[in-house]
Amino acid sequence: MRILVGIDEINRFINKHLTELAVDSSGWEKLYFNKLTTEYWILTYSASDEHGGGKPLLTQVTEQDARKFKGEYE
C-alpha cells in the first residue's frame, strides 16, 4: 500500500493520473481510479473533524475497499 502526503504532491498526482469515482456526503473523502495501473486511491484528511481538515492523505486501497467506499456513497 502506498500513501502520499502533502497537498502539492497529491494534487499533482491526482491531476496527472486519477479520475474521481465517488465522494462521501461530507465532501472530505474521495475515491479515485488510475486507468493506466488499475489502482484505486482514497483521499482523506488527517483531522477531518477540525476546521480545515488537517493534512490530506492519498492512500492506495484494494479494489474490495474501493467497492465498499463507492457502495456507501452512490
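Residues numbered from 1 in each chain as written. Predicted model: local features only at pLDDT ≥ 70, side-chain atom pairs only at ≥ 80, totals over all residues. Heavy atoms only, no water.

Draft legend 1. View of the side chain of E39. Here E39 is to be found in strand β4 (residues 39–45). Here W41 takes part through its side chain, which lies 3.4 Å from a polar atom of the side chain of E39. Discounting residues that sit within four places of it in the chain, E39 has contacts with R2, Y32, F33, N34 and Q60. (Helix = DSSP H or I, 4+ residues; strand = E, 2+ residues; numbered from the N terminus. Polar contact = N/O pair within 3.5 Å; in protein donor to acceptor, adjacent residues only side chain to side chain. Contact = heavy atoms within 4.5 Å.)

Draft legend 2. How the structure looks around a nonpolar patch on the surface. Among the surface-exposed residues, M1, I3 and V5 lie close enough to one another that they form a single nonpolar patch of about 350 Å² accessible area. Summarising the element assignment, I3 is placed in strand β1 (residues 3–5). (Patch = residues over 30% accessible without salt bridge, like charges linked within 9 Å, V, L, I, M, F, W, Y side chains within 5 Å. Areas by Shrake-Rupley, 256 points an atom, 1.4 Å probe, with all protein chains shown as cover. Salt bridge = Lys/Arg side-chain N within 4 Å of Asp/Glu carboxyl O.)

Draft legend 3. Molecular detail of the side chain of T59. Looking at where T59 falls in the secondary structure, it is placed in strand β5 (residues 56–61). Apart from residues no more than four positions distant in its own chain, T59 is found in contact with M1, R2, I3, Y40, W41 and I42.

Draft legend 4. Main features of helix α1 (residues 7–17). Residues I10, F13 and I14 constitute the buried set of α1. Taken down its axis, α1 places every buried residue within 95° of arc, on the same side. Facing away from the buried side of α1 by more than 90 degrees, the exposed set consists of D8, R12, N15 and K16. (Buried < 20%, exposed > 50% of the residue type's maximum accessible area, 1.4 Å probe, protein only. Arc of directions from axis to C-beta.)

These results come straight from atomic positions and should not be treated as a statement about function.
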